[in-house]
Amino acid sequence: MNIVGLNGKIISMGSINMDLVMFMDRFPEPGETVVTDNFSTFPGGKGGNQGVTASVLGGKVKYFGKLGEDAFSLQLKKALNERGVDTASILVDKTSTAGIAIILVNKQSQNLISFTPGANALLTPEEVREHKELFETGAILLSSMEINPETVYESIRIANENGMFIILDPAPAPKEKFPEDIPALVNIIKPNETEASFITGIKVTDFVSAELALKSLSRMGFLYPIITLGEQGSIAYIDGKSVRIPPYKVESIDSTAAGDVFSGALAASLATGGNLEEALNFASIAAALCTTVKGAQSSIPSLAQVRALF
Ligand code: RIB
């Protein structure tokens, strides 16, 4: 089943952040200080990570988002450009700064992330409408939710009016319920287990509970719900049947951005003619490989690396 067709262009939206990352044996307890000399900065942000992944893995990606005029904003735009992402449509708010994420990574490759959105939060639904010609040129809208949710919903509506295929990575899960019209406009929704639990109210821990949550997402109106379960793999609900995608086993050192890489790879595969089952396997390999390297955009595997295991 070929969903999107060949030569699909991707409009990528979401946050672009500078990640300030400390690697440590274990996380501090509240009130405790843990010392580490292992610190790095990496270009990140769920939207930026997805856009770069889709570009590196074969998609033609245009980014629509907002940055400031600070040093991080300039570095982040350069990082997107260097990986083939068209940044001409990124808006600049001169009074603001780029989003920043403070990330702690422990020995088990788990992470704790806190995030301040900066300019990301300033992209408005009105600006989406003002730039609606962008959506006439794309085949796939790939969006996550570290920006104003109303902006995401408006872009989904406009993308749908333009016949685009819409992939929503609801990360982080929105605090309010989706507006009534949104689920039916979204083709693929891809929460992880935590986001799926939050959105459906079903505690997702394994394939069995994930299947219940998938059915709930399907009843809400989402066409193809997919839930990622970290090291357990992922599961999709396609035309009334659940499809389990086994995990690709790797030696993981940093799981940051694995979910973003999954979504970006899924979009790239669909945009270049892959069917949904192929795209799921492709995404699962890309996400696993990303956990073997430190950082967010720095850990996105190459097309050759993913193809070699596909
Ligand atoms: O999903 C990982 C991303 O979440 C990081 O790159 C960080 O910027 C936060 O947005």
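Residues numbered from 1 in each chain as written. Predicted model: local features only at pLDDT ≥ 70, side-chain atom pairs only at ≥ 80, totals over all residues. Heavy atoms only, no water.

Description of the overall build of the protein chain
(1) Moving on: Helices and strands together make up the secondary structure of the protein chain, namely 10 helices and 14 strands.
(2) Moving on: Taking the principal axes of the C-alpha coordinates as reference, the protein chain spans close to 50 × 45 × 40 Å.
(3) Moving on: For the protein chain, restricting intrachain contacts to residue pairs at least 6 apart in sequence, the fraction spanning at least 24 positions comes to 69%.
(4) Moving on: For the protein chain, the accessible surface area stands at approximately 13,200 Å², while carbon and sulfur atoms represent 53% of it.
(5) Moving on: Positive and negative side-chain charges of the protein chain, numbering 25 and 34 respectively, have mean locations separated by a distance of 3 Å. (Helix = DSSP H or I, 4+ residues; strand = E, 2+ residues; numbered from the N terminus. Contact = heavy atoms within 4.5 Å. Areas by Shrake-Rupley, 256 points an atom, 1.4 Å probe, with all protein chains shown as cover. Lys, Arg positive; Asp, Glu negative; His and termini not counted. Charge placed at Lys NZ, Arg CZ, Asp CG, Glu CD.)

Quick word on the sheet that holds strand β10 (residues 165-169)
(1) Moving on: The 8 strands lie next to each other as β4-β1-β9-β10-β11-β12-β13-β14, forming an open sheet whose pairing is mixed. Strands with a single pairing partner mark the edges of an open sheet, and in this sheet they are β4 (60-64) and β14 (241-245).
(2) Moving on: In this structure, strand β11 (residues 188-189) lies alongside strand β12 (residues 224-228), joined through 2 bridges in parallel fashion. Bridging from a neighbouring strand, I188 pairs with Y224 of β12. (Pairing = 2+ DSSP bridges.)

A look at the sheet that holds strand β7 (residues 99-105)
(1) Moving on: Taken together, 4 strands build an open sheet; the order of strands is β3-β2-β7-β8 and the sheet is mixed. Each having just a single partner strand, β3 (39-44) and β8 (111-116) make up the two edges of the open sheet. Between one strand and the next, the sheet's axes are offset by a mean angle of 20 degrees, whatever the strand orientation.
(2) Moving on: Across 7 bridges, the pairing between strand β2 (residues 17-23) and β7 is parallel. Bridged to F23 within β7 is V105.
(3) Moving on: Of the strands in this sheet, β2, β3 and β7 are in contact with helix α2 (residues 71-82), which crosses β2 at around 95 degrees. (Axes fitted to C-alpha atoms, helices over the stretch in contact; angles between N-to-C directions.)

Section: the site of the ligand
(1) Moving on: What surrounds the ligand is the set N17, D19, G44, G45, K46, N49, A101, I113, E146, A257, D260 and A296.
(2) Moving on: In the model, an oxygen atom of the ligand is placed 2.6 Å from a nitrogen or oxygen of the D19 side chain.
(3) Moving on: Here N49 contributes a side-chain N or O atom positioned 3.1 Å from an oxygen atom of the ligand.
(4) Moving on: Summarising the interface, the protein chains cover 96% of the accessible area of the ligand, which totals 280 Å² for the free molecule.
(5) Moving on: Where the shell around the ligand is concerned, the elements lending two or more residues are β2 and α1 (46-56).
(6) Moving on: For the shell around the ligand, a count of residues per class yields 4 nonpolar, 4 polar and 4 charged. (Near = heavy atom within 4 Å. Polar contact = N/O pair within 3.5 Å; in protein donor to acceptor, adjacent residues only side chain to side chain. Nonpolar A, V, L, I, M, F, W, Y, C, P; charged D, E, K, R; others polar.)

A short note on the packing of α1 against helix α8 (residues 258-271)
(1) Moving on: Where α1 contacts α8, the axes come no closer than 7 Å and their chain directions differ by 40 degrees. The angle between α1 and α8 falls in the class oblique. Considering how the two elements wind past one another, α1 and α8 form a crossing that is right-handed. Facing K46, N49, Q50, T53 and A54 of α1, the residues of α8 in contact are D260, V261, S263, G264, A265 and A268.
(2) Moving on: The residue makeup of the contact of α1 with α8, split by class, is 4 nonpolar, 5 polar and 2 charged. (Parallel < 35°, antiparallel > 145°, perpendicular 65-115°, else oblique. Left-handed = near helix turned anticlockwise from the far one by under 90°.)

Thoughts on the environment of T36
(1) Moving on: Residue placement: T36 occurs in the loop between β2 and β3.
(2) Moving on: Judged by its relative accessible area of 25%, T36 falls in the partly exposed class.
(3) Moving on: With near-sequence residues (within four places) excluded, T36 lies in contact with M22, F23 and M24.
(4) Moving on: Of the polar contacts made by the side chain of T36, one reaches the backbone oxygen of F23; its length is 2.6 Å. (Buried < 20%, exposed > 50% of the residue type's maximum accessible area, 1.4 Å probe, protein only.)

Re the side chain of Q50
(1) Moving on: Within the secondary structure, Q50 sits in helix α1.
(2) Moving on: Residue classification places Q50 among the buried positions, given a relative accessible area of 0%.
(3) Moving on: Setting aside its immediate chain neighbours within four residues, Q50 contacts S12, L142, S143, S144, D169, D260, S263 and G264.

Looking at the pairing of β7
(1) Moving on: Taken across its 7 residues, β7 has 5 buried, putting it largely inside the fold.
(2) Moving on: Strand direction decides the pairing type here: β7 and β8, joined by 6 bridges, are antiparallel. Along β8, the bridge assignment pairs A101 with F115.
(3) Moving on: Adjacent in sequence and paired antiparallel, β7 and β8 are bridged by 5 residues, among which S109 carries a positive phi angle near 70 degrees.

Some details on the environment of V204
(1) Moving on: Inspection of the secondary structure puts V204 in the loop between α6 (193-200) and α7 (207-220).
(2) Moving on: Take V204: its relative accessible area is 4%, and that puts it in the buried class.
(3) Moving on: As a C-alpha pair, V204 and L229 span 25 residues in sequence and 8.6 Å in three-dimensional space.
(4) Moving on: Apart from the residues within four sequence positions on either side, V204 is in contact with E193, A196, S197, S209, A210, A213, I227 and L229.

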